[in-house]
Amino acid sequence: MNTLSRLLFSILAVGALASCGGSGTKSVENDSTAVSDDSLTFATAEVRDLALIYQGGAHRIDWTKDQFIPYVTHKFADGSEDWLFDGYLFLEFKDGKGYTLSPGYDKLFARRAEWEWYLDRIFEPGKSLDALDQAISEKKATLGDPGFRHKIVLTVIVAHKDQKDWGELDGKQLDFSNVEDQKAATYWFIDQLADRFAKAGYKNLDLYGLYWIDEDMVHTNDFPKQIKSYINDKGLKFVWIPYWNAPGHERWKELGFDIAYQQPNYFFHDDIPYERLDAAIDTALVNNMGMEFECDVRAMSQNDPNWQYRMKDYIDAFEKRGVFENSAIAYYTDNHLFLDMVENPSPENQAIMDRLARFIVDRRSNPRLTK
């Protein structure tokens, strides 16, 4: 069995032990499943470190300037401060008022009115993108120029094939069972994102890409292929972050995406063994994907039960397997874990945030990560 075959076998073996739902799993005694092959590579991108910002729905925080500060810079225990992420993905699954922006997150499909409401939320003065721009300007006044412009990825709402009441566009009532109507609404929304961003005139932000919010290909019949060229023709990248073993994840390039990040989904269930991280890393290597780092509020030392050890597991695995050194990384931090860590200080919270932030800071001087 050659190296690639052994690697594929290891992914299947660990995947069987650690299923997506995490139920009925058994721990593996060692990490011998991890296989290296110099011919396999992670994906890299102009954005090294992409923070996921859940914003827009009525159930989210407003994301003001002060709320953004812990995602813009990090203050280390020694008193020093440095820039963190070079990219931010603004995403949302539902409006918090009964309408879903991606299949399966609420009862009703968002109509044109909800799409426009979401656009207004993203571009609301003093919040969201505008607040992030202000936070970066504030930190530039004390830290100086970071040496890079912050890149932004915005979300494309899913035009679901079962929706027939979206509304009117250019005098026509759209029916999304017709793929041409799906495309028309999606093109309109992409134009809205690009035009509003350009008109906002942000001092520190560049629109870098658009994100496909649906995390598998169960509901959309490979629809991303239909809109790839429209996105790329605007000079934007098409981004995707499928969940663990999501249908279609291994076909991400064929589906039209410019980069995809693999979710390990290890953090969220304590019966999923550490070996899931190795399996996810192997999957990313086989499919030339980036990786997602994951943690939520349970990683705070004050939480009971405390799952900070699982956040540490990600850091350990990413260091050991060369993810920090070689891969583009997206960071899932729940609704706003970095803000929660600052508002709930402890020596343990400071230590683990210092360790993660040090990797992010050091990655900016690694030229391999933007090739």
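Heads up: the structure comes first, above all this text.
Residues numbered from 1 in each chain as written. Predicted model: local features only at pLDDT ≥ 70, side-chain atom pairs only at ≥ 80, totals over all residues. Heavy atoms only, no water.

It is worth spelling out the overall build of the chain at this point. Scanning the chain from N- to C-terminus turns up 11 helices and 14 strands. Here the C-alpha atoms of the chain give a radius of gyration of 20 Å, agreeing with the 21 Å that 2.2 N^0.38 yields for 371 residues. When the backbone C-alpha atoms are referred to their principal axes, the chain occupies close to 60 × 55 × 40 Å. Looking at the chain alone, contacts between residues at least 24 apart form 74% of all its contacts between residues at least 6 apart. Carbon and sulfur atoms provide 48% of the accessible area of the chain, an area that totals close to 15,000 Å². Within the chain, the 60 negative side-chain charges are centred at a point lying 3 Å from the centre of the 42 positive side-chain charges. (Helix = DSSP H or I, 4+ residues; strand = E, 2+ residues; numbered from the N terminus. Rg over C-alpha atoms; globule rule 2.2 N^0.38 Å. Contact = heavy atoms within 4.5 Å. Areas by Shrake-Rupley, 256 points an atom, 1.4 Å probe, with all protein chains shown as cover. Lys, Arg positive; Asp, Glu negative; His and termini not counted. Charge placed at Lys NZ, Arg CZ, Asp CG, Glu CD.)

This next bit is on the pattern of salt bridges. A side chain with one charge can pair with a side chain of the opposite charge if their charged atoms come near. Counted under the stated rule, the structure contains 35 salt bridges. The shortest N-O distance in the salt bridge between Asp-258 and Lys-228 comes to 3.0 Å. Pair noted here: Asp-258 is in the loop between strand S11 (237-240) and strand S12 (259-262) and Lys-228 is in helix H6 (residues 224-232), with a separation of 30 residues, a long-range link. Residue classification places Asp-258 among the partly exposed residues on the basis of a relative accessible area of 29%. Of the residues examined, Lys-228 reaches a relative accessible area of 24% and is grouped as partly exposed. (Salt bridge = Lys/Arg side-chain N within 4 Å of Asp/Glu carboxyl O. Buried < 20%, exposed > 50% of the residue type's maximum accessible area, 1.4 Å probe, protein only.)

The strand order around the closed barrel built from 8 strands is S1-S4-S7-S10-S11-S12-S13-S14, with neighbouring strands paired in parallel fashion. Strand after strand, the sheet turns through a mean of 30 degrees between neighbouring axes, direction not considered. Bridge count between strand S7 (residues 150-156) and strand S10 (residues 205-212): 7 bridges; the pairing is parallel. If you follow Val-153 over to S10, its bridge partner there is Gly-209. Across the sheet, H6 lies against S7, S10 and S11, angled at about 140 degrees from S11, the strand it touches most. Running over the sheet, helix H7 (residues 275-286) touches S12 and strand S13 (290-294) and is turned about 155 degrees from S13. (Pairing = 2+ DSSP bridges. Axes fitted to C-alpha atoms, helices over the stretch in contact; angles between N-to-C directions.)

The next point concerns H7. Spanning 12 residues, H7 covers 17 Å between terminal C-alpha atoms, matching the ideal 16 Å at 1.5 Å per step. The buried fraction of H7 amounts to 11 of the 12 residues, a majority that puts the element mostly inside the structure. Those residues of H7 that fall on the buried side of the exposure criterion are Glu-275, Arg-276, Leu-277, Asp-278, Ala-279, Ala-280, Ile-281, Asp-282, Thr-283, Ala-284 and Leu-285. Just beyond H7, the residue with positive phi is Asn-288, at close to 55 degrees. (Expected span 1.5 Å × (residues − 1).)

For the bond from Asp-304 to Pro-305, the omega torsion is 5 degrees, close enough to zero to count as cis. Position of Pro-305 among the secondary structure elements: in the loop between S13 and helix H8 (308-320). Phi at Trp-63 takes a positive value of approximately 60 degrees, unusual for a residue other than glycine. Its location among the elements puts Trp-63 in the loop between strand S1 (49-54) and helix H2 (65-72). At Asn-288, a residue that is not glycine, the phi angle is positive and equals roughly 55 degrees.

Once that is clear, we can look at the side chain of Thr-73. Here Thr-73 lies in strand S2 (residues 73-75). Only 2.7 Å separates the side chain of Thr-73 from the side chain of Glu-81, close enough to count as a polar contact. (Polar contact = N/O pair within 3.5 Å; in protein donor to acceptor, adjacent residues only side chain to side chain.)

This part is about the pairing of S7. In terms of burial, S7 is a largely internal element, 7 of the 7 residues being buried. Here 4 bridges tie strand S4 (residues 87-91) to S7, and the two strands are oriented parallel to one another. Each residue of the ladder has a partner; that of Leu-89, found in S7, is Val-153.

Shape is all these values report; function is a separate question.
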